[in-house]
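# Fold and contact review
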Amino acid sequence: MQPANQTNGKINLDPDNAEHGLAQLVLTVIELLRQIVERHAIRRVEGGTLTDEQIENLGEALMNLEEKMEELKEIFGLDDDDLNIDLGPLGSLM
């Protein structure tokens with residue numbers, strides 16, 4: 001069995017360390033959604049469909065989400081590699 005902080009591209013759902021595995025799974029899903037939202041936001045900014053205020057609010061919200069993700073990764077002892085799961089034929093998440 002691998003240590004909790006080691007990654008092999010899969011979610012660690014070790015029954016003896018379920019909290020860590022669950023945190024890894026939840027943060028991976030949140031990171032995936034964050035990346036999707038960020039890409040969509042960039043398309044909207046580049047498309048010129050947002051006001052300056054909307055761009056500022058969107059940028060601030062994305063920065064706040066990224067900061068919170070860093071805090072949560074630190075709390076659960078995870079790093080970017082732990083969230084970079086293997087999505088099979090789609091490749092890695094990040």
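Scroll up to find the structure.
Every residue gets a number counted from 1 within its own chain, in the order that chain's sequence is written. Two thresholds apply to this predicted model, a pLDDT of at least 70 for residue-level local features and 80 or more for giving and counting side-chain atom pairs, whereas whole-chain, interface and lining totals are computed over all residues. Hydrogens and water are ignored here; the side-chain numbers use all heavy atoms of the structure.

## What to know about helix α2 (residues 52-75)
Just so we agree on the cut-off: Under the scheme used here, helices are H or I runs from DSSP no shorter than 4 residues and strands are E runs no shorter than 2 residues, and both carry numbers assigned from the N terminus. The span expected for a helix works out to 1.5 Å for each residue beyond the first. Exposure is judged per residue with a 1.4 Å probe applied to protein chains only, and the accessible area is read against the type maximum: over 50% gives exposed, under 20% gives buried, and values in between give partly exposed. Two residues qualify as a contact provided that any one of their heavy atoms is within 4.5 Å of a heavy atom in the partner residue.
Under the 1.5 Å per step criterion, the end-to-end length of α2 is 35 Å for 24 residues, consistent within 8% with the ideal 34 Å. Within the sequence span of α2, burial applies to L62, M69 and K73. Close packing links the buried residues of α2 with α1 (18-47) and α3 (80-83). Within two residues after α2, G77 carries a phi angle of roughly 65 degrees, on the positive side.

## So, the environment of G91
Here G91 lies in the segment after α3. Look at G91 and you get partly exposed, because its relative accessible area is 25%. Setting aside its immediate chain neighbours within four residues, G91 contacts I85 and D86.

## Concerning the pattern of salt bridges
What counts, and what does not: The term salt bridge refers to a side-chain nitrogen of Lys or Arg lying within 4 Å of a carboxyl oxygen of Asp or Glu.
Taken as a whole and judged by the stated rule, the model has 5 salt bridges. Two residues, E71 and K68, come together in a salt bridge whose shortest N-O distance is 3.2 Å. Linking E71 with K68, this pair stays in helix α2, spanning 3 residues, or about one helical turn. Of the charged contacts, one joins D80 and K73 as a salt bridge, the two residues approaching to 2.3 Å between their closest N and O atoms. D80 gets classed as partly exposed once you look at its relative accessible area, which sits at 43%. Each of the salt bridges in this network shares a partner with another, and the network as a whole consists of E31, R34 and E38.

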